[in-house]
Amino acid sequence: TQIALLACIVVFTTTIRAEDEAQWIQKLSAKSWQEKDQACRKLRIYGTAKCVPTLAKLLTDEKMAHTALFAMEEMKFPEVNQALREALGKTKGLVKVGIIGSIGTRGDAKAVPELIKLLKGADKEVTAAAASALGRIATPEAVQALAELRSNVSPISAEASLKAARSLLTQ
């Protein structure tokens, strides 16, 4: 009977969370920044892959992008990686820097080709973020790109190369 009781609790809790998630997703389209922020914070903890498309829409909103990143960065769903990669081409400035940082934190190896392209951009903050993310991801392709950047005597690439070395040692 204890096992049956535990099973009922799990089903009940899952149902409540699914209903709550639907409400939090709906709040992401509210006009109020506070409601959206609160929803992002709840989804960070309880969100499933269902909330990723709606959170991804906030990545192009300068006021909400960092809150959406906060919600998405720790989610273990591959859909998050895809959403972050797609948002790279739709953003600029500090929002793009934040997305790049999240990609690096998540270790998304599929983003390496796009990050390498960003090393050649005019925005120094974006370039630095891309180099740092490549250092965290530390695939052979990422390490090679940092080595090429380092040959231009760039302090950004030197720091990122050290991150890559630490990542490779950890792996």
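Here the structure is shown first, and the text comes after it.
Small disclaimer: the values here were computed from a predicted structure and weren't measured. (Residues numbered from 1 in each chain as written. Predicted model: local features only at pLDDT ≥ 70, side-chain atom pairs only at ≥ 80, totals over all residues. Heavy atoms only, no water.)

(A) The arrangement of helix H2 (residues 33-46) in detail. Compared with the 20 Å implied by 1.5 Å per residue over 14 residues, the 20 Å span of H2 between its first and last C-alpha is a close match. All buried positions along H2 are accounted for by Lys-36, Asp-37, Ala-39, Cys-40 and Leu-43. In a view along the axis of H2, the buried residues occupy a sector of 165 degrees, so they form one face of it. More than 90 degrees from the buried face of H2, the exposed residues found are Gln-34 and Ile-45. (Helix = DSSP H or I, 4+ residues; strand = E, 2+ residues; numbered from the N terminus. Expected span 1.5 Å × (residues − 1). Buried < 20%, exposed > 50% of the residue type's maximum accessible area, 1.4 Å probe, protein only. Arc of directions from axis to C-beta.)

(B) Summary view of the pattern of salt bridges. Taken as a whole, this structure holds 3 salt bridges when the rule is applied. Residues Arg-85 and Asp-108 are paired through a salt bridge, measuring 2.6 Å at the closest nitrogen-oxygen approach. With Arg-85 in helix H5 (residues 78-88) and Asp-108 in the loop between helix H6 (93-106) and helix H7 (112-118), this pair connects stretches of sequence that are 23 residues apart. (Salt bridge = Lys/Arg side-chain N within 4 Å of Asp/Glu carboxyl O.)

(C) Region of interest: the nonpolar core. The biggest cluster of nonpolar side chains holds 47 residues, and the ones touching the most others in it are Leu-55, Ile-99 and Leu-115. Counting residues per element, this core draws most heavily on helix H8 (residues 124-137), at 7 residues. Here Ile-99 is in contact with Leu-59, Leu-69, Leu-84, Ala-87, Leu-88 and Thr-91, once residues within four sequence places are set aside. (Core = buried A, V, L, I, M, F, W, Y, C linked by side-chain atoms within 4.5 Å. Contact = heavy atoms within 4.5 Å.)

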